[in-house]
Amino acid sequence: MTEILKATEKNLIRAANLIRGGEIVAFPTETVYGLGADGLNAAACEKIYSAKGRPPNKPLSLHVASLEMIERVAKISAAAEKIFAAFCPGPLTVILPKREIVPDFVTGGRQSVGIRFPANEIALRLIKIAGCPIAAPSANLSGKNPPKTAQEVLENLNGRVEIILDGGECKFGISSTIVDMTATTPKILRRGAISEEMLKNILGDIEI
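Residues numbered from 1 in each chain as written. Predicted model: local features only at pLDDT ≥ 70, side-chain atom pairs only at ≥ 80, totals over all residues. Heavy atoms only, no water.

**Observations regarding helix 6 (residues 150-157)**
Within the sequence span of helix 6, burial applies to A150, V153, L154, N156 and L157. Buried residues of helix 6, viewed axially, fall in a sector of 165°; they line one side. Just downstream of helix 6 lies G159, where phi reads positive at about 85°. (Buried < 20%, exposed > 50% of the residue type's maximum accessible area, 1.4 Å probe, protein only. Helix = DSSP H or I, 4+ residues; strand = E, 2+ residues; numbered from the N terminus. Arc of directions from axis to C-beta.)

**What about the packing of aromatic side chains?**
The final tally for this structure, using the stated rule, is one aromatic pair. Centre to centre, the rings of Y49 and F105 are 5.3 Å apart; their planes meet at 65°, and the pair counts as edge-to-face. Of the two residues, Y49 sits in helix 2 (residues 42-52) while F105 sits in the loop between strand 5 (92-97) and strand 6 (112-116), which places them 56 residues apart along the sequence. Residue classification places Y49 among the buried residues on the basis of a relative accessible area of 6%. (Phe/Tyr/Trp six-rings, centres within 6.5 Å; stacked < 30°, edge-to-face > 60°.)

**Considering the pattern of salt bridges**
Overall, the coordinates contain seven salt bridges when judged by the stated rule. Close ionic contact of E9 with R125 constitutes a salt bridge, the shortest N to O distance being 2.5 Å. Taken together, the residues E9 in helix 1 (residues 9-20) and R125 in helix 5 (residues 121-130) connect sequence positions 116 residues apart. Here E9 falls in the partly exposed class, since its relative accessible area comes to 36%. Overall, R125 belongs to the partly exposed group, its relative accessible area being 35%. The partner of E23 in a salt bridge is K47, with the nearest N and O atoms 3.1 Å apart. With E23 in the loop between helix 1 and strand 2 (25-27) and K47 in helix 2, the pair connects residues that are 24 residues apart, well separated along the chain. (Salt bridge = Lys/Arg side-chain N within 4 Å of Asp/Glu carboxyl O.)

**A closer look at the environment of G90**
Its location among the elements puts G90 in the loop between helix 4 (78-87) and strand 5. The class of G90 is buried, set by a relative accessible area of 2%. Expressed as a C-alpha distance, the spacing of G90 and S176, which sit 86 residues apart in the sequence, is 8.4 Å. Among residues more than four places away in sequence, those in contact with G90 are E30, R116, F117, P118 and A119. (Contact = heavy atoms within 4.5 Å.)

**Quick notes on the environment of R110**
Topologically, R110 is positioned in the loop between strand 5 and strand 6. Overall, R110 belongs to the partly exposed group, its relative accessible area being 40%. Note: C-alpha distance between R110 and E30 (80 residues apart in sequence) is 27 Å. Apart from the residues within four sequence positions on either side, R110 is in contact with N57, P59 and K98. In this structure the side chain of R110 is engaged in a polar contact, spanning 3.1 Å, whose partner is the backbone oxygen of N57. (Polar contact = N/O pair within 3.5 Å; in protein donor to acceptor, adjacent residues only side chain to side chain.)

**Overview of unusual backbone geometry**
Comment: phi is negative for the bulk of residues other than glycine, and the bulk of peptide bonds are trans. Cis geometry marks the peptide bond from C88 to P89, where omega comes out at 5°. The residue P89 is located in the loop between helix 4 and strand 5 in this model.

**Structural notes on the state of the cysteines**
Covalent bonding between the sulfur atoms of two cysteines defines a disulfide. Within this structure, the stated rule accounts for zero disulfides. Free of any disulfide, C45 has its nearest neighbouring cysteine sulfur in C132, separated by 9.1 Å. (Disulfide = S-S within 2.5 Å.)

Here you go:
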């Protein structure tokens, strides 16, 4: 059975140990709850796909807790540095060229990877304790609405994940904006909590 646990330091350490051991854990971000695994462990990430019923060709983004962790897994352009400085930590996922350390399985065979630097203390603490980027799509069954509370995660994934860290209701309740920085002109792939206008103020031209 799945447990909902308060996000105490003790429970964060337990969750981080599960992630380091190749298991999956649900946790809050400022957008929606995520279903997380060690993003550099393909076998662990496979458990995310299994739990969610997620199509295997859909890539996973990596949640990070520092610029150093971003540089470990992705190649950062000058334009990407600008939006990280402006919006991160925050509800934004940035697509960048990946480094070899990131398994092709995690990115659906693509040579790019989504980077998310969440503005949620529970998420950041979990990433720091685990010591690895955490792959984490929304913690729901594929095709269902992204969960905003721990109870909604339980309704989706009861028996499919060992623990859910309860951080209350998510601030935004909608998924992060996704912007692809691998093209000549940055392109918004998914609208979310950060608007097109906000991105244009930093980047200038941007495709929709």
